[in-house]
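Below, each chain spelled out in residue letters.
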Amino acid sequence: MSSLRRWSRTWGPLLGIALVAIALLVVAPAVLSPFRLNNLGKYVCWAIAGVGIGLAWGRGGMLVMGQGVFFGLGGYAMAMHLKLEAAMATGGPAAIPDFMVLYGDATMPGWWEPFRSGTFTVFAIVALPAVVATVLGYAIFKRRVKGAYFAILSQALAVAFATLLIATIKQTGGFNGLNQFTQFFGYNLYDPVNKQMIYSIAAVVLVVCLLVVWQLYRSRFGELLVATRDAEERVRFLGHDPANVKLVAFVLAAVMASIGGALFAPITGIISPSDVDATASILLIAGVALGGRALLLGPALGAIAVGYGRTTLSESFPDQWTYFLGLLFVVVILFFPSGLGSAWSQITSRLRREGAA
Amino acid sequence: MDALTTPLLAGTATGALLLIAALGLALTFGQMGVINMAHGEFLMAGAYTAYLTQQVVTNTDLSILVALPAAFLVAGCLGLLLEVSIIAWMYRRPLDTLLVTVGVGLLLRQLAKDVFGAQGDPVHTPGWLDGNILVFGYHWPYRQMFTILLALAALAGLGALLKYTSYGRRIRATVQNRDLAETMGVSTRSVDRVTFFVGSGLAGIGGVAVSLISGTNPNLGTTYIISAFLVVVAGGLGQLRGTVIAAFTVGIVTAFFTDWLSSSMAQVLTFALVVVFLQARPQGLFTVRTRGLA
């Protein structure tokens, strides 16, 4: 192997991350209008969740079809805080969110109370999905539930979560979700400067997630994760517990989805059951599948591309967008199962094989 | 007495619907390793066939009887088309079949929306099903009984097909050992196609039953698909008896939860119960014993 190739294998991914960072943090704010930049921020939030899906699915072989649940845990935790901030800004420290006055008897459920604190909210955004994913993952992986069983269970989870949110209108805003935020940790959300700041936070978080995953893939854990995906039994016979390996990847993916959701709420100004249900979860999967699930940058870029396509196409062709998405699924999975990011190497290796034969 | 019988009877009817939906899934998932997320849309296709039949056969009493075989054919042909065009290229990649069929499901749902509109269309209940019978002080609609009979008929038909016909022998051979069956002269390709046709056709029949209860609408399939899959998962792969028991259990348990709490809480709790159940039996209710590694 030439030294150039060895160099590119070690540092190429880092170069890629650097390019993404420059594109998101330097180029995009310079060339995009505030509106478009805010839209990009939304796709970046999906990309953060996508990086986690790449870790769990691409490297770990766990098709997580219910990431919307964790996206929603973070999104709703943040939205609850923003809602309380908005209420407190107008009605004093004991004020409660407007929709509770509208739908209910103007009393706030006790579990909302801690979300008045920003520190607690940030803590909850990380801890909540971690705890839920640990409990669920432990139950599922220890009993060796995997493959299709796992995919279907995780999708059922997303359906159940969205149903639960719609049903609890007095506590969660129901079908309409939580919206009309005015503040973000003290910053006015209507000020374009502050909106750009939140976008920058999201972009930095995405870059950090990519760096974390890059380091993980280089570590022993990364090797073990791929080994577990490809030959779980052999890993077990070598003395490792595959359940623990999967659990770590699953929990990390859940936390990333949650952080993505938490930034999604202030950027879009709304979080509702349709952002977390089975369809939303599948859209997250679509981005990762399109970009290349096992690659480092594939999931993030794929998620941004699907987000962009969704907004742009559904603006001009609201109905045809679904056809496009459906066809995309079929074509990509059928012809490029490892994503468009791998399409080039897939084509060249096929050509090489045919050339050799 | 009433608190027990009401959910019990309603749950049995729901269970019967789940059973018809799950039978086709169990056939294709359990026996061929294909996870067909578009199965719900085949259910929807069956419901729309019932609606269309009523536009042609205006005699409501007869139209449902025409709709049943028609729905079986329509959904079956859709399934066959899916198998030949896409699934055939991806056997032994179960998770990929799942993703591809999610895409197909999206396409079919949007197609239904464009052709029939986003609003649902009503399917009229024939006179001989319009009524109810008093069971233990509960008015049990004939429609629910019809669903249960339909489910049992579908189950018996499928069972007979697998057990007594030469096609059934071939499919059982293919399931047990695909390579050996092929060596013995079984065309496993045609077995796959017929299996997919029958499995999808059963979804069409289920769709007719659903249409009698809730009419048609483009999202009809998504309502049932996850529960149907949970039934297949809880029942164990390739085991009809497991599917039957799981379908009625899930239906009745959900009905009890709905009665005590609310329908959304019932869905959440039923899901939780399936996860807990899989703790006890990770491979479902009944498993095929093999010497393979888990």
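The model shown is predicted, which means the values in this text are computed figures rather than measured ones.

**Some details on the UniProt feature "transmembrane region" (unreviewed entry) in chain A**
Residues and elements named next belong to chain A. In the numbering adopted here, UniProt assigns the feature "transmembrane region" (unreviewed entry) to residues 64-82, 120-141, 148-169, 197-217, 247-271, 283-309 and 321-344. In this annotation, residues 64-82 is assigned 84% helix and 0% strand; the end-to-end C-alpha distance for the span is 29 Å. Secondary structure over residues 197-217 splits into 100% helix and 0% strand, and the C-alpha atoms at its two ends are 30 Å apart.

**Digging into the UniProt feature "transmembrane region" (unreviewed entry) in chain B**
All names here are of chain B. UniProt records the feature "transmembrane region" (unreviewed entry) at residues 64-82, 144-162, 194-214, 220-237 and 244-262, using the numbering of this structure. Structurally, residues 64-82 is divided into 100% helix and 0% strand, and its ends, taken at the C-alpha atoms, are 26 Å apart. Taken end to end, residues 244-262 is 89% helix and 0% strand, and its two terminal C-alpha atoms sit 25 Å from one another.

**What about the packing of helix H14 (residues 320-335) of chain A against helix H4 (residues 94-116) of chain B?**
Relative orientation of the contacting elements H14 of chain A and H4 of chain B amounts to 155°, with a least axis distance of 8 Å. One way to sum up the angle between H14 of chain A and H4 of chain B is to call them roughly antiparallel. The way H14 of chain A lies across H4 of chain B gives a crossing that is left-handed. Along its contact with H14 of chain A, which presents Thr-322, Tyr-323, Leu-325, Gly-326, Leu-327, Phe-329, Val-330, Ile-333 and Leu-334 of chain A, the element H4 of chain B presents Asp-96, Leu-99, Val-100, Val-102, Gly-103, Val-104, Leu-106, Leu-107, Gln-110, Leu-111 and Asp-114 of chain B. Of the residues assigned to the contact of H14 of chain A with H4 of chain B, the class counts are 14 nonpolar, four polar and two charged.

**What about the pattern of salt bridges?**
Applying the stated criterion across every chain yields a total of 13 salt bridges over all chains. Among the ionic pairs, Asp-98 of chain A bridges to Lys-83 of chain A, the shortest N-O distance being 3.2 Å. Of this pair, Asp-98 of chain A sits in helix H4 (residues 98-103) while Lys-83 of chain A sits in helix H3 (residues 67-91); the two residues are 15 residues apart in sequence, bridging distant segments of the chain. In this structure Asp-98 of chain A comes out as partly exposed when scored by relative accessible area, which is 40%. Owing to a relative accessible area of 4%, Lys-83 of chain A belongs among the buried residues under this scheme. Here Asp-96 of chain B and Arg-293 of chain A are joined by a salt bridge, their closest N and O atoms 3.7 Å apart. Note that Asp-96 of chain B is positioned in helix H4 and Arg-293 of chain A in the loop between helix H12 (278-291) and helix H13 (298-316), a pairing that runs across two chains. Overall, the relative accessible area of 7% leaves Asp-96 of chain B in the buried class.

**Here's the deal with a positive patch on the surface**
All names here are of chain B. Positive charge collects at one region of the surface, where Lys-163, Arg-169, Arg-170 and Arg-172 lie side by side. No other element matches the three residues that helix H6 (residues 166-176) contributes to the positive patch. Here Arg-169 lies in helix H6. Under the relative-accessibility criterion, Arg-169 is labelled exposed at 52%.

**Concerning a nonpolar patch on the surface**
Residue and element names in this part refer to chain A. A surface patch of nonpolar side chains, about 900 Å² in accessible area, is lined by Leu-15, Leu-19, Ile-22, Leu-25, Val-26, Val-27, Val-31, Leu-32, Val-204, Val-208 and Val-212. Element by element, the count of residues in the nonpolar patch is highest for helix H1 (residues 3-31), at seven residues. Structurally, the position occupied by Val-204 is in helix H8 (residues 192-218).

**With respect to the packing of aromatic side chains**
Following the criterion strictly, the structure yields 21 aromatic pairs over all chains and no others. Considering the side-chain rings of Tyr-149 of chain A and Phe-29 of chain B, the 6.5 Å spacing of their centres and the 50° angle between planes classify their relative orientation as tilted. In this pair, Tyr-149 of chain A is assigned in helix H6 (residues 147-167) and Phe-29 of chain B in helix H1 (residues 2-32), connecting two distinct chains. For Phe-29 of chain B, a relative accessible area of 6% gives the class buried. Taken together, a centroid distance of 6.3 Å and an interplanar angle of 80° make the contact between Tyr-51 of chain B and Phe-116 of chain B edge-to-face. Of the two residues, Tyr-51 of chain B is situated in helix H2 (residues 39-56) and Phe-116 of chain B in helix H4; the sequence distance between them amounts to 65 residues. By relative accessible area, which is 16% here, Tyr-51 of chain B ends up buried. Site record: aromatic cluster; members linked through ring pairs are Tyr-43, Trp-46, Phe-71 and Phe-264 of chain A. The residue whose ring lies beneath Arg-59 of chain A is Tyr-217 of chain A, and the NZ or CZ to ring-centre distance is 3.6 Å. Here Arg-218 of chain A stacks its cationic end above the ring of Trp-214 of chain A, 4.5 Å away from the centre of that ring.

Rules and cut-offs
Residues numbered from 1 in each chain as written. Chains lettered and ligands numbered in written order. Predicted model: local features only at pLDDT ≥ 70, side-chain atom pairs only at ≥ 80, totals over all residues. Heavy atoms only, no water. UniProt positions renumbered as here; feature names shortened; annotations may be inferred. Helix = DSSP H or I, 4+ residues; strand = E, 2+ residues; numbered from the N terminus. Axes fitted to C-alpha atoms, helices over the stretch in contact; angles between N-to-C directions. Parallel < 35°, antiparallel > 145°, perpendicular 65-115°, else oblique. Left-handed = near helix turned anticlockwise from the far one by under 90°. Contact = heavy atoms within 4.5 Å. Nonpolar A, V, L, I, M, F, W, Y, C, P; charged D, E, K, R; others polar. Salt bridge = Lys/Arg side-chain N within 4 Å of Asp/Glu carboxyl O. Buried < 20%, exposed > 50% of the residue type's maximum accessible area, 1.4 Å probe, protein only. Patch = residues over 30% accessible without salt bridge, like charges linked within 9 Å, V, L, I, M, F, W, Y side chains within 5 Å. Areas by Shrake-Rupley, 256 points an atom, 1.4 Å probe, with all protein chains shown as cover. Lys, Arg positive; Asp, Glu negative; His and termini not counted. Charge placed at Lys NZ, Arg CZ, Asp CG, Glu CD. Phe/Tyr/Trp six-rings, centres within 6.5 Å; stacked < 30°, edge-to-face > 60°. Lys NZ or Arg CZ within 6 Å of the ring centre and 35° of its normal.

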